[in-house]
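For reference, the chains in residue letters:
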Amino acid sequence: MIHLPVTFHVVPMETSHAEDICQWSYEPPYNIYGWMPWQQMEELGIEFGDARLRSEQYVSVLNDEGDLCGFAQLFPMEGVVRLGIGMRPELCGHGMGQHFVRAIVQAAVLRYPEREIDLEVLTWNQRAIRTYQKSGFTITDTYERMTPTGSKPFYCMVYEK
């Protein structure tokens, strides 16, 4: 187990990181954040299974020992970079989220200094919402979006620099 204080470092996502992430298993209700098996993602060429997309948009988050603690997608949009964030399941709920998110935000600011930074989060995910708020994000909108299990309510949260 990793203990605070911890410093997180954002680096390009390696194939070995992508393979590892596909094996993560979250407890319900967070299990909706799991990925399909690595071989299937690679064969379909989707998300970080696509080498080009992985190198352009995905980053890994490591601790000081070089352990993979999570990942992020920095998805460029018109005037905005949208974050997709995932933390290693056994690290969730142990008070590291704010440090983790801030490292990702710093990486996004360095890569896209002129763009607004936002993210989407399911409205029921209060654990993540609290972390994002402590990290400088504010809820700016609520809307329905399709998910693999149907239409669900989401918040859009924007980072206040």
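See the structure shown above.
One structure accompanies this document, and this report is about it. (Residues numbered from 1 in each chain as written. Predicted model: local features only at pLDDT ≥ 70, side-chain atom pairs only at ≥ 80, totals over all residues. Heavy atoms only, no water.)

### Regarding the nonpolar core
Grouped together as the largest cluster of nonpolar side chains are 43 residues, with contacts concentrated most on Phe 8, Phe 48, Leu 74, Leu 83, Phe 100, Tyr 132 and Phe 137. Within the residue set of this core, elements represented by two or more residues are helix H1 (15-21), helix H2 (38-44), strand S2 (58-62), strand S3 (68-77), strand S4 (80-87), helix H4 (97-111), strand S5 (116-122) and helix H5 (126-134). When residues in this core are grouped by element, the largest group, 6 residues, is from H4. (Core = buried A, V, L, I, M, F, W, Y, C linked by side-chain atoms within 4.5 Å. Buried < 20%, exposed > 50% of the residue type's maximum accessible area, 1.4 Å probe, protein only. Helix = DSSP H or I, 4+ residues; strand = E, 2+ residues; numbered from the N terminus.)

### Topic: the environment of Ala 18
For Ala 18, the location among the structural elements is in helix H1. Spatially, the C-alpha atom of Ala 18 lies 10.0 Å from that of Trp 35, the residues being 17 residues apart in sequence. Excluding anything up to four places from it in sequence, Ala 18 contacts Met 13, Trp 38, Phe 48 and Arg 54. (Contact = heavy atoms within 4.5 Å.)

### What about H5?
All buried positions along H5 are accounted for by Ala 128, Ile 129, Thr 131 and Tyr 132. Seen along its axis, H5 keeps its buried residues to an arc of 165°; they face one direction. Buried residues along H5 sit against S4, H4, S5, strand S6 (137-147) and strand S7 (150-159). Residue Gly 136 follows H5 closely and has a positive phi angle near 105°. (Arc of directions from axis to C-beta.)

### Topic: the packing of aromatic side chains
In the structure shown here, the tally under the stated rule is 11 aromatic pairs. Plain terms: the ring middles of Tyr 30 and Trp 124 are 5.5 Å apart, the flat faces sit at 50° to each other, and that makes the pair tilted. Placement of Tyr 30 in the loop between H1 and H2 and of Trp 124 in the loop between S5 and H5 is noted, with a sequence separation of 94 residues between them. Assessed through its relative accessible area of 35%, Trp 124 is described here as partly exposed. Grouped by ring-pair contacts, the aromatic residues Trp 24, Trp 35, Trp 38, Phe 48, Tyr 58 and Phe 71 constitute a single cluster. The side chain of Arg 127 reaches across the aromatic face of Tyr 30, ending 3.9 Å from its centre. (Phe/Tyr/Trp six-rings, centres within 6.5 Å; stacked < 30°, edge-to-face > 60°. Lys NZ or Arg CZ within 6 Å of the ring centre and 35° of its normal.)

### Comments concerning the sheet that holds S7
Strand order in the open sheet formed by 7 strands is S1-S2-S3-S4-S5-S7-S6, and the pairing between neighbours is mixed. Both edges of this open sheet fall to strand S1 (9-12) and S6, since each of them pairs with a single strand only. Taken pair by pair, the neighbouring strands of this sheet meet at an average axis angle of 30°, ignoring direction. The pairing of S1 with S2 spans 4 bridges and is antiparallel. Residue pairing in the sheet places His 9 in a bridge with Leu 62 of S2. With respect to the sheet, H4 is in contact with S1, S2, S3, S4, S5, S6 and S7, its orientation differing from that of S4 by roughly 150°. Strand contacts of H5: S4, S5, S6 and S7, with the helix running at about 160° to S5, the strand carrying the most contacts. (Pairing = 2+ DSSP bridges. Axes fitted to C-alpha atoms, helices over the stretch in contact; angles between N-to-C directions.)

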